[in-house]
Amino acid sequence: MTRGLDPLERYYGSMLGLAIGDAMGAPVEGLAPGMFPKVTNFSGGGVNNIEPGEWTDDTALAMCLAESLVAKNGFDAPDAMDRIRQWWRAGYWSCREIAFGIGTTTQAAIEYYEAEGAPFSGLSTESSASNGSLMRLAPVPLYYAESPKDAIQFSGDSSRLTHAARLCVDACRYYGALIVGAVQGVPKDELLAPGYSPVRGVWLCQPLTGEVENVARGSYWEKAPPAIRGRGDVISCMEAALWAFASTDNFADGVIAAVNLGEDADTTAAVYGQLAGAYYGISSIPDGWRDTILYRKKIIRLAERLYQASRELAGK
Ligand code: MG
Ligand code: MG
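Presented here is an overview of the structure given in this document. (Residues numbered from 1 in each chain as written. Chains lettered and ligands numbered in written order. Predicted model: local features only at pLDDT ≥ 70, side-chain atom pairs only at ≥ 80, totals over all residues. Heavy atoms only, no water.)

1. Comments concerning the coordination of the magnesium ion (ligand 2)
Then comes step 1: At this site the magnesium ion (ligand 2) is bound by Asp264 (OD), Asp266 (OD), Asp266 (OD) and Thr267 (OG1), with donor distances of 2.1 to 2.8 Å.
Then comes step 2: Mapped onto the sequence, the residues coordinating the magnesium ion (ligand 2) show the spacing D-x1-D-T. (Donors = N, O, S within 2.8 Å, 3.2 Å for Na, K, Ca; no water.)

2. What to know about the packing of aromatic side chains
Then comes step 1: Inspection of every chain in the model, using the stated rule, returns 15 aromatic pairs.
Then comes step 2: Summarising the aromatic geometry, the rings of Phe251 and Tyr272 are spaced 5.7 Å apart at their centres and angled 45° between planes, so their arrangement reads as tilted. Of the two residues, Phe251 is situated in helix 12 (residues 251-259) and Tyr272 in helix 13 (residues 265-280); the sequence distance between them amounts to 21 residues. For the pair formed by Phe251 and Tyr272, the shared burial category is buried.
Then comes step 3: A cation over an aromatic ring shows up here: Arg96 above the ring of Phe100, its NZ or CZ 4.0 Å from the ring centre.
Then comes step 4: Note that Lys188 overlies the ring of Phe245, its terminal NZ or CZ placed 4.3 Å from the centroid. (Phe/Tyr/Trp six-rings, centres within 6.5 Å; stacked < 30°, edge-to-face > 60°. Helix = DSSP H or I, 4+ residues; strand = E, 2+ residues; numbered from the N terminus. Buried < 20%, exposed > 50% of the residue type's maximum accessible area, 1.4 Å probe, protein only. Lys NZ or Arg CZ within 6 Å of the ring centre and 35° of its normal.)

3. A look at a positive patch on the surface
Then comes step 1: Residues Arg296, Lys297, Lys298 and Arg301 make up a contiguous surface patch of positive charge.
Then comes step 2: Counting through the fold element by element, Arg301 comes out in helix 15 (residues 296-313).
Then comes step 3: The class for Arg301 is exposed, based on a relative accessible area of 51%. (Patch = residues over 30% accessible without salt bridge, like charges linked within 9 Å, V, L, I, M, F, W, Y side chains within 5 Å. Areas by Shrake-Rupley, 256 points an atom, 1.4 Å probe, with all protein chains shown as cover. Salt bridge = Lys/Arg side-chain N within 4 Å of Asp/Glu carboxyl O. Lys, Arg positive; Asp, Glu negative; His and termini not counted. Charge placed at Lys NZ, Arg CZ, Asp CG, Glu CD.)

4. Overview of the layout of surface pockets
Then comes step 1: If you add up the space inside the largest pocket, you get close to 190 Å³.
Then comes step 2: Taken together, 18 residues line the largest pocket, and the ones lying closest to its centre are Asp57, Gly101, Gly103, Asn131 and Asp264.
Then comes step 3: For the lining of the largest pocket, the elements supplying multiple residues, two or more each, are helix 2 (57-71), helix 4 (104-116) and helix 13.
Then comes step 4: Among the residues making up the lining of the largest pocket, the classes are represented as 2 nonpolar, 11 polar and 5 charged. (1 Å grid on protein atoms, 1.4 Å probe; cavity = no way out; pocket = protein on both sides within 12 Å on 5 of 7 lines; lining within 4 Å. Points joined across faces, edges and corners; volume = space filled by probe spheres on them. Nonpolar A, V, L, I, M, F, W, Y, C, P; charged D, E, K, R; others polar.)

5. Details of the packing of helix 12 against helix 13
Then comes step 1: In the contact formed by helix 12 and helix 13, the axes pass within 8 Å of each other and the chain directions differ by 165°. The orientation of helix 12 relative to helix 13 falls into the category roughly antiparallel. The handedness of the crossing between helix 12 and helix 13 is right-handed. For the pair helix 12 and helix 13, the contacting residues are Phe251, Gly254, Val255, Ala258 and Val259 in the first and Ala265, Thr268, Ala269, Tyr272, Gly273, Ala276, Gly277 and Tyr280 in the second.
Then comes step 2: For the contact of helix 12 with helix 13, the class distribution of residues is 9 nonpolar, 4 polar and no charged. (Axes fitted to C-alpha atoms, helices over the stretch in contact; angles between N-to-C directions. Parallel < 35°, antiparallel > 145°, perpendicular 65-115°, else oblique. Left-handed = near helix turned anticlockwise from the far one by under 90°. Contact = heavy atoms within 4.5 Å.)

6. Observations regarding the pattern of salt bridges
Then comes step 1: Summed over the entire model, instances satisfying the criterion amount to 14 salt bridges.
Then comes step 2: For Arg160, the salt bridge identified is with Asp157, shortest N-O distance 3.0 Å. Taken together, the residues span about one helical turn, with Arg160 and Asp157 both in helix 6 (residues 148-160) at a distance of 3 residues.
Then comes step 3: Assessed through its relative accessible area of 31%, Arg160 is described here as partly exposed.
Then comes step 4: Given a relative accessible area of 11%, Asp157 falls into the buried group.
Then comes step 5: Residues joined by salt bridges that share partners form a network here, namely Arg85, Arg89 and Glu114.

7. Description of the nonpolar core
Then comes step 1: Within the largest apolar cluster, 116 residues are counted, with the highest numbers of intra-cluster contacts made by Tyr175, Leu242, Tyr272 and Trp289.
Then comes step 2: Among the elements that take part in this core, helix 7 (residues 166-183) stands out by supplying 12 residues, more than any other.
Then comes step 3: Not counting residues up to four positions away in its chain, the partners in contact with Trp289 are Ile20, Met24, Thr40, Asn41, Phe42, Phe251, Ala252, Val255 and Ile256. (Core = buried A, V, L, I, M, F, W, Y, C linked by side-chain atoms within 4.5 Å.)

8. Considerations on helix 13
Then comes step 1: An ideal rise of 1.5 Å per residue puts 22 Å on 16 residues; helix 13 measures up with 21 Å between its terminal C-alpha atoms.
Then comes step 2: The axis of helix 13 is deflected most strongly, by about 25°, at Gly273.
Then comes step 3: Among the 16 residues that make up helix 13, 16 are buried, leaving the element largely enclosed by the rest of the structure.
Then comes step 4: Residue Gly281 follows helix 13 closely and has a positive phi angle near 85°. (Expected span 1.5 Å × (residues − 1). Bend = angle between axes of the 7 residues up to and from the residue.)

9. Considerations on the packing of helix 7 against helix 13
Then comes step 1: Following both chains from N to C, one finds helix 7 and helix 13 inclined at 25°, their axes separated by 7 Å at the closest point. Taken as axis vectors, helix 7 and helix 13 run roughly parallel relative to one another. Every pair of crossing elements has a handedness; the one defined by helix 7 and helix 13 is left-handed. In contact with Tyr175, Leu178, Ile179, Ala182 and Val183 of helix 7, helix 13 contributes Val271, Tyr272, Gln274, Leu275, Ala278 and Tyr279.
Then comes step 2: A class-by-class count of the residues in the contact of helix 7 with helix 13 yields 10 nonpolar, 1 polar and no charged.

Here's what the structure looks like:
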């Protein structure tokens with residue numbers, strides 16, 4: 001039962017949960033499930049030669065968005081895109097001196113932005129419907145949690161910076177709605193009920209596209225691995241993250257379930273961690289994990305600024 005949590009605990013949990021999922025999954029990114037020993041803690045290695053507790057592009061880009069929201073007092077597409085570009089070109093908010101782990105759709109958007117100067121630079125083709133905007137989503141619904149309608153709108157807009165495919169935009173709208181609900185302390189059975197929204201009737205006025213709606217109706221309840229996969233397309237990713245959240249009852253078990261799906265493990269677990277961290281709160285995350293994550297204090301400070309900004313927005 002998580003109803004009585006202080007909302008600030010949920011902000012810390014969501015941002016740290018994202019980073020923890022990213023860092024725990026990164027060493028097995030790209031590996032098929034069963035092709036690596038079961039992951040139950042931070043480890044090192046993998047395609048990006050990760051140090052234990054080090055996170056990747058997922059967290060770096062979420063921090064870019066978070067900084068932009070608090071610096072500009074709201075979602076500001078050119079500023080957000082500038083920071084995303086700064087990450088790639090200059091290592092802004094990267095764990096390392098240079099950025100690493102960029103996805104092809106994000107790279108194409110940055111290059112288009114540099115050439116054309118239009119902040120909404122995401123491709124809209126079906127083949128570009130990857131999980132690269134969902135993985136960095138949390139700061140947007142956290143910032144607008146007191147204004148759920150805006151949270152849903154700007155969750156979709158934040159996707160369009162780099163991922164404009166309808167599947168990506170709608171996945172972010174729905175997942176943003178879930179994060180708002182989690183921050184508000186909505187119980188899990190209500191949150192995962194078909195078509196949950198913190199705004200009554202929003203999916204009737206602005207429907208979710210078919211495959212996103214299918215997940216929102218609870219496609220993952222009927223499935224288990226290997227039908228659930230940690231692939232890089234946005235639908236598989238959201239379904240896998242929600243499966244991990246639905247099939248466990250605490251932060252740690254869910255993140256372990258997400259990571260051990262392999263494939264795009266860092267991102268599946270980062271998507272899980274945003275929602276689960278908001279739902280269970282920071283105190284539910286094992287101490288050893290909280291202490292190991294790189295730049296923990298900077299992440300916490302930014303989560304706090306998002307919380308303060310959300311309160312100011314609501315006039316509290
Ligand atoms: Mg990554
Ligand atoms: Mg990834």
